Amino acid sequence: MESLLFEDLKLSREMKRAIADMGFEEATPIQSLALPHILDGKDVIGQAQTGTGKTAAFGIPVLENLDASVKGVQAVILCPTRELAIQVAEEIKKLSKYKKTTVLPVYGGQPIERQIKALKRGVQIIIGTPGRVMDHIHRRTLRMDHVKMIILDEADEMLDMGFRDDIEFVLEHIPEERQMLLFSATMSPQILGITRKYQNKPEMLKVAHQELTVPEIEQIYFEVREQMKLDVLTRLIDMHNLKLALVFCNTKRRVDRLVGHLQTRGYFADGLHGDMSQNQRDRVMNKFRKGQIEILVATDVAARGIDVDDVEAVFNYDVPNNEEYYVHRIGRTGRAGRKGQAFTFVSGKEIYQLRDIQRYTKVRIEQQKIPSLREVEEVKRDLFLERLRKEIDEGDIDREIHLIERLMEEEYSSLDIAAALLKLYVGGKDDSSSQNDSKYGETGAQPGMVRFFVNVGRKQKVKAKDIVKAIGEVSGLSSTSIGRIDVLDKFSFVELPQQHAREVVGALQRKGIKGLRVNVEPANKKM
Ligand code: ADP
Ligand code: MG
């Protein structure tokens, strides 16, 4: 189906601005289906998989319907778990950026007194687990007379968790004149039972899954935590020596942010998204066609209008919100019988979205281990030697040979010359990272290394081998590439290869050593 543009919906200016700030380009399929009906005041049953944007599908109308002059609760959203309630509250807060509203998540486990205090101050939108909401109704700390919208989010899960009676209790205590929405990934007789009893001529909306022809290219996924995505992306690009990659993000803001990070790391990267003028886009596309961009980062909408069909690899930096996007994205590589690859980064619950994509597209997306820095180094070295061999075998290198002969007349051996050239070349290649590393200054390390101070030592029962192990785990570097390690009473020193230092340090600070949180800083030469 055609996706709706948020601009085409009758939304307040504040809402449109908030949506733009969130970087959404167009409505997802379930949003496109449901928003017009919900904004029309109809009851709706919405069925769509997880990760398809159901929160905004009801969150936008909830906020649009709010009467700012009424301080009491006007909308109640029921969620199965505390985590989901918090997530929904956060998304709604973002959507209400330019509209003053009071939102409160209420869930079991949190002291009820605190919730009661907050409720007394006046709350307009309640997001809660059914049991706790029921509890507040019992205690009369939650008055329902002004409620005009009730939403059951993830209805199937709530029923699976045995919340049916609690849900019905809440529904019984809400004014008859109200709009009721129900969202669920699956449908069941039990859900339909609730629907029949409490909803008023609901629209049944379900995202239809099209038959999709998936291109036959190698599809791989990595489980990557959000903070590691950038590192993994650059590792894969380096490792496969990619000259032309297309990277997809789910929002415009993520495109901008990623482009910035890649440029700082010395990659020729640029972005495309719907907030750019036609002029800006043309400029990017021209650069891309002239080969001045190695990595093009784009949203789905922006990529649709362009003919970049022959990229070496497609990256799904975010798992797309629906399977059609996935198929369109990966179809950008492997054209004209060429070999292409598609890499998808999956973090946290995105794994469920990936499963849905696999189910509907019937493709096999294979999981791979994130390559360690060491593996990246090895592959890069092999690639380099391969290029060197090719150059020797096919290259027109008479002029270069002549230069070398001149040096040899000065009594240098050919081996020395080759080694020096190699060093210059590899050193030069690493310029982008060594520039970044020069900020470490003089740390008293051996050449090519940086010496770091780590705030754990013998007192914490940390031994040199624990540090080696921790570094190995976060980076794949072996003890031979790690320099000198000194473990003292309350702190330690460790030398790391300069070109990996920044990445290793970041990872160590995130993962710790032997279960201890650590702080790692460039050492002072005097120490
Ligand atoms: P669901 O409730 O269907 O599992 P969510 O509402 O949690 O899905 O949305 C999943 C993610 O998609 C969230 O990070 C959300 O901000 C994002 N999202 C929602 N709508 C859009 C959109 N129109 N474009 C891009 N991202 C979106
Ligand atoms: Mg949800």
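Just so you know, these numbers come straight off a predicted model, no measurement behind them. (Residues numbered from 1 in each chain as written. Chains lettered and ligands numbered in written order. Predicted model: local features only at pLDDT ≥ 70, side-chain atom pairs only at ≥ 80, totals over all residues. Heavy atoms only, no water.)

**Student:** How do you make sense of the overall build of the protein chain when you look at a structure like this?
**Tutor:** What the protein chain contains, in helices and strands, is 21 helices and 18 strands. C-alpha extents for the protein chain along the principal axes are approximately 100 × 60 × 40 Å. Intrachain contacts of the protein chain at a sequence separation of at least 6 include 76% that bridge at least 24 residues. With the model as given, the accessible surface of the protein chain reaches about 27,500 Å², and the carbon-plus-sulfur share is 49%. Side chains of the protein chain carry 81 positive and 79 negative charges; the gap between the two charge centres is 7 Å. (Helix = DSSP H or I, 4+ residues; strand = E, 2+ residues; numbered from the N terminus. Contact = heavy atoms within 4.5 Å. Areas by Shrake-Rupley, 256 points an atom, 1.4 Å probe, with all protein chains shown as cover. Lys, Arg positive; Asp, Glu negative; His and termini not counted. Charge placed at Lys NZ, Arg CZ, Asp CG, Glu CD.)

**Student:** Please clarify how the site of ligand 1 should be interpreted in this entry.
**Tutor:** Taken together, 16 residues surround ligand 1, and among them Glu26, Gln31, Gly51, Lys54 and Thr55 come closest. Contact distances for ligand 1 include 3.3 Å between an oxygen atom and a side-chain N or O atom of asparagine 321. Surface burial for ligand 1 is 82%, taken as the share of its 570 Å² of free accessible area covered by protein chains. (Near = heavy atom within 4 Å. Polar contact = N/O pair within 3.5 Å; in protein donor to acceptor, adjacent residues only side chain to side chain.)

**Student:** Hey, could you run me through a positive patch on the surface in this one?
**Tutor:** A cluster of basic residues, Lys461, Lys463, Lys465 and Lys469, forms a positive patch on the protein surface. Mapped onto the secondary structure, lysine 461 falls in the loop between β15 (449-454) and α20 (464-475). We classify lysine 461 as exposed; its relative accessible area is 61%. (Patch = residues over 30% accessible without salt bridge, like charges linked within 9 Å, V, L, I, M, F, W, Y side chains within 5 Å. Salt bridge = Lys/Arg side-chain N within 4 Å of Asp/Glu carboxyl O. Buried < 20%, exposed > 50% of the residue type's maximum accessible area, 1.4 Å probe, protein only.)

**Student:** I'm lost on the sheet that holds strand β7 (residues 203-206) in this one. Help?
**Tutor:** Consider a sheet: its strands pair through backbone hydrogen bonds, and that pairing is either parallel or antiparallel. Across the sheet, which stays open at both edges, the seven strands sit in the order β3-β4-β2-β5-β6-β1-β7 with parallel pairing between neighbours. The sheet is open, and its two edges are formed by β3 (103-106) and β7, each paired on a single side. Each adjacent strand pair in this sheet contributes to an overall mean axis angle of 15 degrees, direction not counted. Alignment of strand β1 (residues 44-47) against β7, held across four bridges, turns out to be parallel. The partner of glycine 46 across the bridge, within β7, is leucine 205. The strands touched by helix α9 (residues 189-198) within the sheet are β1, β5 (149-152), β6 (179-184) and β7, with β6 carrying the most contacts at an inclination of about 175 degrees. (Pairing = 2+ DSSP bridges. Axes fitted to C-alpha atoms, helices over the stretch in contact; angles between N-to-C directions.)

**Student:** What should I look at first to understand the pairing of strand β10 (residues 269-272) in this one?
**Tutor:** Where a strand is regular, its side chains alternate between the two sheet faces. Residues of β10 alternate between two faces, with Ala269 and Gly271 on one and Asp270 and Leu272 on the opposite face, all of them buried. With four bridges connecting them, β10 and strand β11 (residues 295-298) associate as parallel partners. Of the residues in β11, the one forming a bridge with glycine 271 is valine 297. With helix α12 (residues 278-289) bridging β10 and the parallel β11, this β-α-β connection has right-handed handedness. (Right-handed = clockwise from strand over helix to strand, strands pointing away.)

**Student:** Sorry if this is basic, but what is going on with the pattern of salt bridges here?
**Tutor:** Side-chain pairs of opposite charge can arise where the charged atoms are in close proximity. Counted under the stated rule, the structure contains 26 salt bridges. For aspartate 300, the salt bridge is made with arginine 329, and the minimal N-O distance between the two is 2.7 Å. Taken as a pair, aspartate 300 in helix α13 (residues 300-304) and arginine 329 in helix α14 (residues 323-330) lie far apart in primary sequence, 29 residues in all. For the pair shown, aspartate 300 and arginine 329 are each scored as buried. What emerges from the salt-bridge pattern is a single network uniting Glu226, Lys229, Arg254, Asp318 and Glu350.

**Student:** How should I be thinking about the packing of α14 against helix α15 (residues 350-361) in this particular structure?
**Tutor:** Each packed pair of helices is defined by two parameters, the angle between the axes and the distance between the axes. The geometry of α14 relative to α15 is characterised by a closest axis approach of 9 Å and an angle of 80 degrees between their N-to-C directions. Taken as axis vectors, α14 and α15 run roughly perpendicular relative to one another. Across from Glu323, Tyr326 and Val327 in α14, the residues of α15 making contact are Ile357, Tyr360 and Thr361. (Parallel < 35°, antiparallel > 145°, perpendicular 65-115°, else oblique.)

**Student:** Got a minute to help me understand the packing of aromatic side chains in this structure?
**Tutor:** Describing an aromatic ring pair means giving the distance of the ring centres and the angle of the ring planes. Taken as a whole and judged by the stated rule, the model has ten aromatic pairs. Here the aromatic rings of phenylalanine 315 and phenylalanine 345 are separated by 6.2 Å at their centres, their planes lie at 70 degrees, and the arrangement is edge-to-face. One end of the pair, phenylalanine 315, is in strand β12 (residues 313-316); the other, phenylalanine 345, is in strand β13 (residues 341-346), and 30 residues separate them in sequence. Neither residue differs from the other here; phenylalanine 315 and phenylalanine 345 are each classed as buried. (Phe/Tyr/Trp six-rings, centres within 6.5 Å; stacked < 30°, edge-to-face > 60°.)

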